[in-house]
Every structure is written in C-alpha cells, then in structure tokens.
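A structural walkthrough
What follows is each chain in one-letter form.
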Amino acid sequence: MTSPPSPRRVLLTGVSNPLGAEVALRLAPHVPYLFGCDVHDPISALEQMDFVHADVRHAAIGKLVRQLQIDTVVHLAVMVDSPSDQRSIHETDVIGTMNVLVGCSGPSSRVRRLIVKSSQAVYGAGPTDPSFFSEEIGSVERPGSSGVTRDLYEMEQLIGEFALREESCQVSVLRLGFRVSEDTTLARYLSLPIVPTFAGFDPRLQLLHEDDAAEVIVRAVLGDHPGVFNVAAHGVVLLSQAIAIMGGSAAPVLPPYGRWAARMALRALARLEVQAYLADVIAYGSVMDCSRLEAAFGWKPAHSSRAVMDSLARGREIEVIEAPSPPQEYELQVYLQRRRREARNGHRIAPALKAHK
Amino acid sequence: MIQQATPKQRKKNSKPAEIVRPRSGLQLPKQVRQLQRQAPLYALQGVTELSARLKQATGKDVIDLNRVMNFVQFLYKQRDLMRRGADYEVDDFGFDPQWTESFIDVFMVLYRDYWRVETTGIENVPAHGRALLVSNHAGVLPWDGTMIKTAVFAEHPHPRHVRALVASLFLGMPVMSWFLRRTGQTVGHPDDTRRLLERDELVLVFPEGVRGTGKNFKDRYRLRRFGRGGFVGTAIRSRAPIIPVSVVGSEEIYPMVADVAPLARFLGMPYFPLTPFWPWLGPLGMIPLPSKWRIQFHAPIHVEDNPPEAADDQNLVMAVADEVRDTIQQGIYDNLKLRRGVFL
C-alpha cells in the first residue's frame, strides 16, 4: 500500500475533552482545514478549528465525514475512564465507532487515514497474564471480560475488519496507557489521603503523561504508521511507591477476592466509582511492551512512569489564595495558579494566553 | 570577606527552595514515642544479662550474642527500608534488589544452620550473561527455589540474583504475589522467560511445576513429566545455555502422605496436602522439617549453539529436554548416595 498524501482536511471527534483540545491545538499549525466535533462545548476556543455539535452515537456523523470531504479522521470520542454508566460507554465506544467507520467506508470515501484512540484497559489485568502485554495479546478475546475491556475489544475488532476491507485507508490504533491528570479516576484514587488497597497486593503501574499522549496522536496523524501500537511511559512504579509520592498512606483493607465487594467498598469509603478493569489493575497491575511504538515511530514518550507520578504530585501542591477582594480578581488568581501549576507539570501554556502574547 | 555579587550573579547562584511538607497522619503521644526509642536498648540489656546468667549457671554459651546482634541488625535494616518512602527503583518486573538483599540474612540462617545445604558445581553458573537454570521441584511449598537463590547469591564469587518463574496461581494469592514480585520472581510465561533472558538474567525454571511439589512422599526423588519441553525452545530462541540443577533434601521437608483433592478444588489450590503435622497442628504444621540438603549445579548444556529455527524442531527439543531430565535425575541419585541420612 502506498502511503497516503499528507492530511489536508482533518476531523477530530471528541474534541471537547482535555486530550482532544490539546491534540487540536498541536495539529492546527500543520493542517490546512481542521474540524472538531463533540457533544459538549469545546473547552478552549481555537480559531483555526471549525466546531460542530455532533454525537458519534448517531449516524449523522457519517454524513458529516462525507459532506466535509474529510481525508483524515482522528477518533478520540472513545470513553474509557468516564463516570457515565455502562450502557452509554458501550454505545459511544462500539456503536459510535461503528458510525464513524460507516462514514469512512465505501468506494466513494475520501478518508485515507483513520487514527483511533484505544486504551491499555483493553488488556484487562489478571494473575495469569504475562508481565508485559504485547500488541497481539489484545487482539485475542479475553475470557470472561466485561465492561470497558469488552467494549474496547469489540471496538478494535470492528476497526480490524474495517482495515482489512478498506485497503485505501490507513488505520492506526493507539492503545494509550493510563493517564493521571487531575481528573482521572486513577489520579483521584492515588490522591486520597488514605488509599484503600487490596490486602497483600502491590502491583506495578505504568502511566502515560498527557503531553506524550497528545504528542503520539499528532505524530500518528502526520506520519505513516498503520497498525496497533501500545503507548505508555517507560519504567514502572509500584502502587505503594505511587501512594508515597502523593504523600498518602496505603491502607490494605480491600478484600483480595470478589471484585464487586472491593468496588462497593471504594464507593462507600472514598466515593470513587472505580471501573472493573481499573479495580483489576489496582490489584494485579498492567504493563505494556512499547517496543513496536519505538521501532515504528522512532520516538518514545518523554516522561517515565515515575516522572508522570512526580508531576501529578507537584501539581497538587496547593497554593493559598490570599483574601480575594473583587470576584474578578479571585478568578484571575485562580486562573494564574492553575497556569503556574500546569507549567510546573510540564503542560503547554493554555492557548488563550498564547494568542494575546 | 563578604562577596560582592550583582543581582545577576546572585540569581545564577541561587537554588530553588525545597518544599518541606509537615508530617501528616497520626502521631503517638510523646511518652510512647520515647519508650519506643528506648525499648530495643532495654531488651538488648535484658538479653545480655540473661545470657551472662545462663553462662554462669550452665558453663556454656546458651544464647549466642552474635546471633542476637545479627537479628537486631536485621530489624533495624527492615525499619530503614520501611522509611525509604518512594525513594527506590524497581525494574520493569517489579524487582527491588535492595529489599531482596535485606532478606538474605534470614535465608542464610535457613541455608547454613537449618538445612545445612552443601552446594557443589557453583562454578558452572556463569558470572555474567544469561543462563537458564532447570531444577527438580519438590516439597509442598517452593522452598527449593529460595535455597537455589540463596546458594547462587551466597556461594558464587559474583553474587547474582536468580529470577525464578512461578506458577500464576501464586501471583493471584494475596501477600505471596507481593513478596514474589518484589524479590524478582515473575509469572511462568514463555514471554517472560524470553524477556528476562534477553536482559542477561539468570532464570530458574521448574518444568515439573505443581506436579513436582504436589507429589506423594512415596514418589520422592522421582522426576515428573517435563511438560512439552517448552523451556528448551525458549532457551534456544534466547541463545542461553541450560544449567541442570539437582536438589536433594527438599522432598523431606513436608512428607505429604495424602492429597485431599475435593478440598483443594473447593479452595482453588492445585492440591491440599496432608502431612503428619499439617493440618493437625495448625500453623505449626507449616514449619518445614530440618532435613539435610544438597544442591548440585551441573555442567551447562550449550543449546545456544543451535540456530534459532531449531526451537521448532520437536525432535531436538525433546531430546534436549530428556538429556536435562536424565542429568537432574542422575544428580539426585549421586547426591542421595553422598548424604549420610535424611537428617544428618
């Protein structure tokens, strides 16, 4: 297969989540036409991007792809770590992806590149698994899988079939590692002052920095890298280490057998809705082998798992905002604090500010 | 002399202030903390006095003070390790060498004084580079693995950590999974073996698996089936020599007279052993018997001379597996002859 021409008309689905916004920001200088769609309003205004309210769960998304004559689809509207219920996650991940694929298929389709965000969650976690997941393992159905793991597996099956059927379209699936920016479930779990852990387990965690996640998606869009790739930071941190870095203390109180009991306990003790796959990860750990990514992209994530954890811990050091007089000033203070924190975290500076400089 | 410095120079020389967080969490009352600090000293004083009195009364060293000091040192080392916080590195398999080495003292007591292990052929273990140790497996609990690890670490001129492959069953158990991973063990998966060997590690496999540990006392020192010789294929692909290891003595630590299969199935274990002491004496029945051990490392079998394609040659793989098995079995017979008695 010859490599497709460089992307000209790019559609980003799920552009309103922080990762989507970051990807849009980084892609904007490289592509002539950038379109974004999501159910929610975008979190940051971007002049170069046209935003459409569209739900991938409806077939209209296919029409959108055709009408806009899109040649590159970046499908980020895949829910992995979401407070939504099981049903809407399934609908977004499986039905939504199906709708996107319908839009990309057919002889008249102009789509030449499809980049899909998947997750490390597709591997699940268990005691019988090898210490490192290579890409082939995720392509085999995991016995007894359920929830997000199963949804992602079904989604990747659909994409795999699509890639076989549509030879003119180059498909990259990126299995992103677990991210701990401030609002993910894993980050909130690790930030608890007393962290309930599974009694007698201290698993290895592998993480991915937000920056690296955005970077790899941009690289996949601008380069030619068909196939499935594991994307995660090098090195591991033990759960106990991660908790120590965050300054909390581990309380081994969760029962090692019976996941539902542990999840209920987490809901009651910490008010955390932990998905089944994440509960397994907290018990057994999940580490991916990213050698294929390094070989194909010639690039590897800049932050190690340890560095990702450190940056989360640094970002959490809260500064006290002194006696705010008028409300505008308070807002400004909060804004500046957030910006400082992000800068320390190694994030890029927020787009609005950059434009004014 | 006060150094004159321009603001620019001062800025250049300045360092960012370190953020010091106040200690959080519960704190015991001051008196209790004081007692905590002094208690070890009082205890040591007591033991010294007791040992002196006993020596006066019996004329012999009843309490070996060196041992006591070693034990105290071990405790303090453990405390320091607990206080490391997050300041340590583990490798990608979750192996923490510092932590593992802190336990070597405990295993040395078992190695030297309890089982009086005699190790031969340690020179067959390479000082650098990859190798696959293949051993017989016996005793209800895998103590033989810990003793082989201790033997290589204590007896070899270049102390090395052996990375054993364990049944996935143990990695699903509470405490076990945590301890095994932390001390460098990993799951017995061909992928893991290959990765460890590619990192030039010393890998230990037990091809018999639970068939070996769960065998009846009357079958002792008879090797079980070696599976399909998967370890040979992995060794050829990873270009690592195979070093057969014979362990004698591990069979007698828990003489298993029967296996209650239905109970084992119910508990999700591969076997539920009945020994003269377990489960009748409760946790006391888990204390292994002090049999006399011998470990022999045999000459390496250089399978790495074969081309990698040879790993798919079932004839060759089975031939090598049989050779390894025969070497181990012969080594067991030789060492049994050298041993004067089960407990001598």
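On a predicted model such as this, the values are computed, not experimentally measured, just so you know.

1. Remarks on the overall build of chain B
The helix and strand tally for chain B stands at 13 helices and 9 strands. Each principal axis of the C-alpha atoms in chain B carries an extent, and together these give about 80 × 70 × 45 Å. A burial count over chain B gives 33% of its 344 residues as buried. When contacts within chain B are restricted to residue pairs at least 6 apart in sequence, long-range pairs at least 24 apart make up 73% of them.

2. Topic: the pairing of strand β5 (residues 113–119) of chain A
All names here are of chain A. Most of β5 is tucked away: 7 of the 7 residues are buried. Side chains R113, I115, K117 and S119 project from β5 onto one buried face, and the interleaved L114, V116 and S118 project onto a second face that is buried too. Traced from strand β4 (residues 72–75) through helix α3 (residues 86–104) to β5, the parallel crossover comes out right-handed. Relative to strand β6 (residues 170–176), β5 runs parallel, the two sharing 7 bridges. The partner of I115 across the bridge, within β6, is S172.

3. Re the packing of α3(A) against helix α5 (residues 147–165) of chain A
All names here are of chain A. Viewed as axis vectors pointing N to C, α3 and α5 meet at an angle of 5 degrees, and their least axial separation amounts to 10 Å. Looking at the two axes, α3 sits roughly parallel to α5. For the pair α3 and α5, contact is made by Q86, I89, H90, D93, V94, T97, M98 and L101 and by G147, V148, D151, L152, E154, M155, L158, I159 and F162, respectively. Its residues placed into classes, the contact of α3 with α5 shows 10 nonpolar, 4 polar and 3 charged.

4. A word on the interface of chain B and chain A
Facing 24 residues of chain B, the contacting portion of chain A comprises 21 residues. Looking at the side of chain B that touches chain A residue by residue, the class counts come to 9 nonpolar, 9 polar and 6 charged.

5. Regarding the domain arrangement of chain A
Looking at chain A, the domain boundaries give domain 1 (9–241 + 270–316) and domain 2 (327–356). One C-alpha centre belongs to domain 1 of chain A, the other to domain 2 of chain A, and the line joining them spans 26 Å.

6. Observations regarding the sheet that holds β6(A)
All names here are of chain A. Reading across from one edge, β3-β2-β1-β4-β5-β6-β11 is the order of the 7 strands in this open sheet, with parallel pairing throughout. Every other strand in the sheet has two partners, leaving β3 (49–53) and β11 (227–231) as the edge strands with one partner each. Geometrically, the sheet is characterised by an average inter-axis angle of 20 degrees between neighbouring strands, direction not taken into account. Pairing between β4 and β5: 4 bridges, direction parallel. Following the sheet pairing, V73 is matched in β5 by L114. Its contacts with the sheet place α3 against β1 (9–13), β4 and β5, and it is angled at close to 175 degrees to β4.

7. Considerations on the pairing of β1(A)
All names here are of chain A. By the criterion of burial, β1 is predominantly enclosed, with 4 of the 5 residues buried. The sheet contact formed by β1 and strand β2 (residues 33–38) spans 5 bridges and is parallel. Within the sheet, the bridge partner assigned to R9 lies in β2 and is Y33. The handedness of the β1 to β2 crossover, carried by helix α1 (residues 18–27), is right-handed. Summarising the sheet, β1 and β4 pair through 4 bridges and their orientation is parallel. Residue pairing for β4: L11 is matched across the bridge by V73.

8. Points about the nonpolar core
All names here are of chain A. Formed by 105 residues in total, the largest nonpolar core has its most connected members in V74 and I217. The element contributing the most residues to this core is helix α10 (residues 276–284), with 7 residues. Sequence-distant contacts of V74, that is, excluding residues within four places in its chain, are made with V10, L11, L12, V23, I115, I217 and V221.

9. Brief notes about the sheet that holds strand β5 (residues 202–205) of chain B
Residue and element names in this part refer to chain B. Pairing within the open sheet is mixed, and its 7 strands lie in the order β1-β9-β6-β2-β5-β3-β4. Only two strands of the sheet have a single neighbouring strand rather than two, namely β1 (118–120) and β4 (186–187). Across 3 bridges, the pairing between β1 and strand β9 (residues 294–297) is parallel. Bridge pairing links T119 to I295 in β9. Strands in contact with helix α6 (residues 143–155) are β1, β2 (131–135), β3 (162–166), β5, β6 (242–248) and β9; relative to β3, the strand with the most contacts, it is inclined by about 170 degrees.

10. Some remarks on helix α7 (residues 210–222) of chain A
Residue and element names in this part refer to chain A. Counted at 1.5 Å a residue, the expected span for α7 with its 13 residues is 18 Å, and the 19 Å between its end C-alpha atoms agrees. Within α7, 10 of the 13 residues are buried, which leaves the element mostly enclosed by the surrounding structure. Every buried residue of α7 is accounted for by E210, D211, D212, A213, A214, V216, I217, R219, A220 and V221.

11. Comments concerning unusual backbone geometry
All names here are of chain B. Residue P279 follows W278 across a cis peptide bond; omega there is 0 degrees. Here P279 is to be found in the loop between β8 (273–274) and β9. Although it is not a glycine, R116 sits at a positive phi angle of roughly 45 degrees. Tracing the sequence through the fold places R116 in the loop between α5 (104–114) and β1. Phi angles above zero are rare outside glycine, and Y221 is one such case at about 60 degrees.

12. A word on the environment of A:A187
Residue and element names in this part refer to chain A. Inspection of the secondary structure puts A187 in helix α6 (residues 185–190). Judged by C-beta crowding, with 21 C-beta atoms within 10 Å, A187 ranks as buried. Through-space distance from the C-alpha of A187 to that of M309 is 9.1 Å; in sequence the pair is 122 residues apart. With residues up to four places along the chain from it excluded, the contact list for A187 reads V180, S181, E182 and L312.

13. Quick look at the environment of A:A313
Residues and elements named next belong to chain A. When you line up the elements, A313 lands in helix α12 (residues 305–316). Each C-alpha atom of the pair A313 and F35 lies 35 Å from the other, and the pair is 278 residues apart in sequence. Apart from the residues lying within four places of it in its own chain, the contact partners of A313 are I245, M246 and G247.

Cut-off values and rules
- Residues numbered from 1 in each chain as written.
- Chains lettered and ligands numbered in written order.
- Predicted model: local features only at pLDDT ≥ 70, side-chain atom pairs only at ≥ 80, totals over all residues.
- Helix = DSSP H or I, 4+ residues; strand = E, 2+ residues; numbered from the N terminus.
- Buried ≥ 20, exposed ≤ 12 C-beta atoms within 10 Å, placed from the backbone.
- Contact = placed C-beta atoms within 7 Å.
- Right-handed = clockwise from strand over helix to strand, strands pointing away.
- Pairing = 2+ DSSP bridges.
- Axes fitted to C-alpha atoms, helices over the stretch in contact; angles between N-to-C directions.
- Parallel < 35°, antiparallel > 145°, perpendicular 65-115°, else oblique.
- Nonpolar A, V, L, I, M, F, W, Y, C, P; charged D, E, K, R; others polar.
- Domains from an automatic or database assignment.
- Core = buried A, V, L, I, M, F, W, Y, C linked by C-beta atoms within 7 Å.
- Expected span 1.5 Å × (residues − 1).

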